[in-house]
Amino acid sequence: QVQLVESGGGLVQPGGSLRLSCAASGFTFSIYTMRWYRQAPGKEREWVATITGASTTTPYADSVKGRFTISRDNAKNTLYLQMNSLKPEDTAVYYCNAVLRSNYWGRGTQVTVSS
């Protein structure tokens, strides 16, 4: 069965960095577009970034453009999100997403940006 497991979240000070990972299994990871989303307390889930299977296209939300980098290692079936220059407004639960026949989500990893 399809599984997506996020990791790498934590507490970081403003201006700091974190690298999130999403381990994928149960499907042919390399051919599917993958996405990161986030959901802050009291807000709707919002799209963060997308990466195509061959990493040829990587659009970003305006709020993270220039600070976050999405990448993938198809040999390891793993999706990444490098987050730099973190701001308090980046505080959220971060989810990876795969759209196969259905929409699949991981359980998320908490990122808290606070001094």
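Every value quoted in this text rests on a predicted model; they were computed, and no experiment measured them.

### Brief notes about the pairing of strand 10 (residues 109–113)
In step 1: Only one face of strand 10 is covered, namely the face carrying Thr109, Val111 and Val113; the face carrying Gln110 and Thr112 is uncovered.
In step 2: Bridge count for strand 2 (residues 10–12) against strand 10 is 3 bridges, and the pairing is parallel. Note on strand 10: the bridge partner recorded for Leu11 is Thr112.
In step 3: Examined bridge by bridge, strand 8 (residues 92–99) and strand 10 share 3 bridges and lie antiparallel to one another. Across the sheet, residue Val93 finds its bridge partner in strand 10, namely Gln110.

### Structural notes on the pattern of salt bridges
In step 1: Counted according to the given criterion, the structure contains 4 salt bridges.
In step 2: With a shortest N-O distance of 2.6 Å, Arg38 and Glu46 are connected by a salt bridge.
In step 3: A salt bridge links Arg67 to Asp90, with the shortest nitrogen-to-oxygen separation between them at 2.7 Å. With Arg67 in the loop between strand 5 (46–51) and strand 6 (68–73) and Asp90 in the loop between strand 7 (78–83) and strand 8, this residue pair connects regions lying 23 residues apart in the sequence.
In step 4: A relative accessible area of 10% means that Arg67 is categorised as buried.
In step 5: According to the relative accessible area criterion, Asp90 is buried, its value standing at 1%.

### Let's talk about the nonpolar core
Soluble globular proteins tend to bury their nonpolar side chains together.
In step 1: Formed by 30 residues in total, the largest nonpolar core has its most connected members in Trp36, Leu79, Leu81, Met83 and Tyr94.
In step 2: Elements represented by at least two residues in this core include exactly strand 3 (18–25), strand 4 (34–39), strand 5, strand 6, strand 7, strand 8 and strand 10.
In step 3: With residues near it in sequence (within four places) discarded, Met83 still touches Gly16, Ser17, Leu18, Leu20, Arg67, Phe68, Tyr94 and Val111.

### Observations concerning the environment of Val93
In step 1: Checked against the element boundaries, Val93 lands in strand 8.
In step 2: Taking the C-alpha atoms as reference points, Val93 and Thr109, 16 residues apart in sequence, are found 5.4 Å from one another.

### Observations regarding the pairing of strand 4
In step 1: Alignment of strand 4 against strand 5, held across 5 bridges, turns out to be antiparallel. Along strand 5, the bridge assignment pairs Trp36 with Ala49.
In step 2: Between strand 4 and strand 5, which pair antiparallel and follow one another directly, the connecting turn spans 6 residues, one of which, Gly42, has a positive phi of 75°.
In step 3: Sheet analysis places strand 4 next to strand 8, joined by 6 bridges and oriented antiparallel. Residue pairing for strand 8: Arg35 is matched across the bridge by Asn97.

### Side note on the state of the cysteines
As used in these notes, a disulfide is a covalent bond between sulfur atoms, one from each of two cysteines.
In step 1: Scanning all chains against the criterion turns up 1 disulfide.
In step 2: Paired through a disulfide, Cys22 and Cys96 show a sulfur-sulfur distance of 2.0 Å. Because the sign of the S-S torsion sets the handedness, a value of about 50° for the bond joining Cys22 and Cys96 places this disulfide among the right-handed ones. Here Cys22 is found in strand 3, whereas its partner Cys96 is found in strand 8, with 74 residues between them in sequence.

### A short note on the sheet that holds strand 3
In step 1: An order of 1-3-7-6 is seen for the 4 strands of this open sheet, with the pairing classed as antiparallel. Pairing within the sheet leaves two strands with one partner each, and these edge strands are strand 1 (3–7) and strand 6. On average, adjacent strands in this sheet sit at an angle of 15° to one another, irrespective of strand direction.
In step 2: Across 5 bridges, the pairing between strand 1 and strand 3 is antiparallel.

Cut-offs and rules
Residues numbered from 1 in each chain as written. Predicted model: local features only at pLDDT ≥ 70, side-chain atom pairs only at ≥ 80, totals over all residues. Heavy atoms only, no water. Buried < 20%, exposed > 50% of the residue type's maximum accessible area, 1.4 Å probe, protein only. Helix = DSSP H or I, 4+ residues; strand = E, 2+ residues; numbered from the N terminus. Pairing = 2+ DSSP bridges. Salt bridge = Lys/Arg side-chain N within 4 Å of Asp/Glu carboxyl O. Core = buried A, V, L, I, M, F, W, Y, C linked by side-chain atoms within 4.5 Å. Contact = heavy atoms within 4.5 Å. Disulfide = S-S within 2.5 Å. Axes fitted to C-alpha atoms, helices over the stretch in contact; angles between N-to-C directions.

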